[in-house]
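Each chain is listed here by its residues.
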Amino acid sequence: MSRISDQKEMVVWLYGLSGAGKTTISLLLKQRLEKEGFFAVCLDGDELRSGINKDLSFTENDREENIRRAAEIARLMLQNNIITICSFITPLQKHRILAAGIIGDSYAEIFIECPLDVCQARDVKGLYKKARANQITHFTGISSGFETPTNPKLIIHTAAESPAESMEKVYLYIVPLLKGI
């Protein structure tokens with residue numbers, strides 16, 4: 001078992017539409033990393049919005065503040081050699097630039113790509129249905145935009161593979177970075 005002080009710190013930033021599979025992949029990745037002797041934590045958008053970010057709405061300014069706070073928490077984790085797996089919609093390129101700027105060189109941006117119709121069909125929490133009924137405003141993909149990334153380090157296509165296959169691709173991408181290969 002590795003000690004936290006012996007591992008290389010990193011932030012793995014998973015982003016994409018609601019229902020794309022970010023949280024599922026992050027939890028599977030955390031389990032896989034721990035099985036291999038790494039220490040990792042997950043920061044999830046829904047969880048932060050139910051606690052530290054519960055004062056924020058889904059307006060563009062509040063979304064930016066949500067990302068800023070999450071990136072600052074991730075940066076603090078980095079200072080303690082912790083691998084931090086973040087799963088946030090992060091809809092705008094300027095949000096991704098903000099997170100990368102706060103976190104620095106140990107930031108791995110991974111786009112969890114999934115077509116809107118597939119995300120809506122998955123709709124585990126019923127959010128798309130509420131957004132279509134105008135019960136939720138500023139909902140990404142419906143009444144609020146999502147900018148396709150210009151230069152992600154990795155794109156994972158979750159409509160075409162299982163969560164385990166998606167996680168494995170992320171794992172295989174980050175392990176050489178963690179080991180300094």
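The name given to the protein chain in an unreviewed UniProt entry is Adenylyl-sulfate kinase, with Mucilaginibacter lappiensis as the source organism. Recorded under Pathway (unreviewed entry), the UniProt text for the protein chain is reproduced unchanged: "Sulfur metabolism; hydrogen sulfide biosynthesis; sulfite from sulfate: step 2/3."

Q: Describe helix α3 (residues 60–78), with residues and values.
A: With 19 residues, α3 should reach 27 Å at 1.5 Å per residue; the first-to-last C-alpha distance of 27 Å fits that figure. Burial in α3 covers these residues: Arg63, Asn66, Ile67, Arg69, Ala70, Ala71, Ala74 and Leu78. Where α3 is buried, its residues touch β1 (10–15), β2 (40–44), α2 (45–49), β3 (83–87) and α4 (93–103).

Q: For the UniProt feature "domain: APS kinase" (unreviewed entry) in the protein chain, give the residues involved together with the corresponding values.
A: Following the UniProt record, the feature "domain: APS kinase" (unreviewed entry) maps to residues 9–156 here. Summarising residues 9–156: 42% helix, 18% strand, and an end-to-end C-alpha distance of 22 Å.

Q: Kindly report on the pattern of salt bridges, identifying the contributing residues and their values.
A: Enumeration over the complete set of coordinates arrives at 11 salt bridges. A salt bridge links Glu64 to Lys94, with the nearest nitrogen and oxygen atoms 3.5 Å apart. Of this pair, Glu64 sits in helix α3 while Lys94 sits in helix α4; the two residues are 30 residues apart in sequence, bridging distant segments of the chain. The exposure class of Glu64 is partly exposed, given its relative accessible area of 28%. For Lys94, a relative accessible area of 41% translates into the label partly exposed. For Arg68, the salt bridge goes to Glu65, with nearest N and O atoms at 2.8 Å. Here Arg68 pairs with Glu65, and both are found in helix α3, just 3 residues apart, close to one helical turn.

Q: Can you tell me about the layout of surface pockets, naming the residues and giving the values?
A: Taken as a whole, the largest pocket spans an internal volume of roughly 770 Å³. If you trace the largest pocket, you find 36 residues lining it, with Ser18, Gly19, Lys22, Asp46 and Lys125 closest to the centre. When contributions to the lining of the largest pocket are tallied by element, the ones reaching two or more residues are α1 (22–35), α2, α3, α6 (127–132) and α7 (163–178). Considering only residue class, the lining of the largest pocket consists of 13 nonpolar, 14 polar and 9 charged.

Q: Describe the environment of Val12, naming the residues involved and giving the relevant values.
A: Positionally, Val12 belongs in strand β1. What makes Val12 buried here is its relative accessible area of 0%. Counting along the chain gives 138 residues from Val12 to Thr150, while the straight-line C-alpha distance between them is 17 Å.

Q: I'd like a description of α1, backed by residues and values.
A: Spanning 14 residues, α1 covers 20 Å between terminal C-alpha atoms, matching the ideal 20 Å at 1.5 Å per step. Looking only at α1, the buried set comprises Lys22, Ile25, Ser26, Leu29 and Leu33. The buried residues of α1 occupy one face: seen down the axis, they fall within an arc of 100°. The outward face of α1, more than 90 degrees from its buried face, is lined by the exposed residues Gln31 and Lys35.

Criteria and cut-off values
Residues numbered from 1 in each chain as written. Predicted model: local features only at pLDDT ≥ 70, side-chain atom pairs only at ≥ 80, totals over all residues. Heavy atoms only, no water. UniProt positions renumbered as here; feature names shortened; annotations may be inferred. Helix = DSSP H or I, 4+ residues; strand = E, 2+ residues; numbered from the N terminus. Expected span 1.5 Å × (residues − 1). Buried < 20%, exposed > 50% of the residue type's maximum accessible area, 1.4 Å probe, protein only. Contact = heavy atoms within 4.5 Å. Salt bridge = Lys/Arg side-chain N within 4 Å of Asp/Glu carboxyl O. 1 Å grid on protein atoms, 1.4 Å probe; cavity = no way out; pocket = protein on both sides within 12 Å on 5 of 7 lines; lining within 4 Å. Points joined across faces, edges and corners; volume = space filled by probe spheres on them. Nonpolar A, V, L, I, M, F, W, Y, C, P; charged D, E, K, R; others polar. Arc of directions from axis to C-beta.

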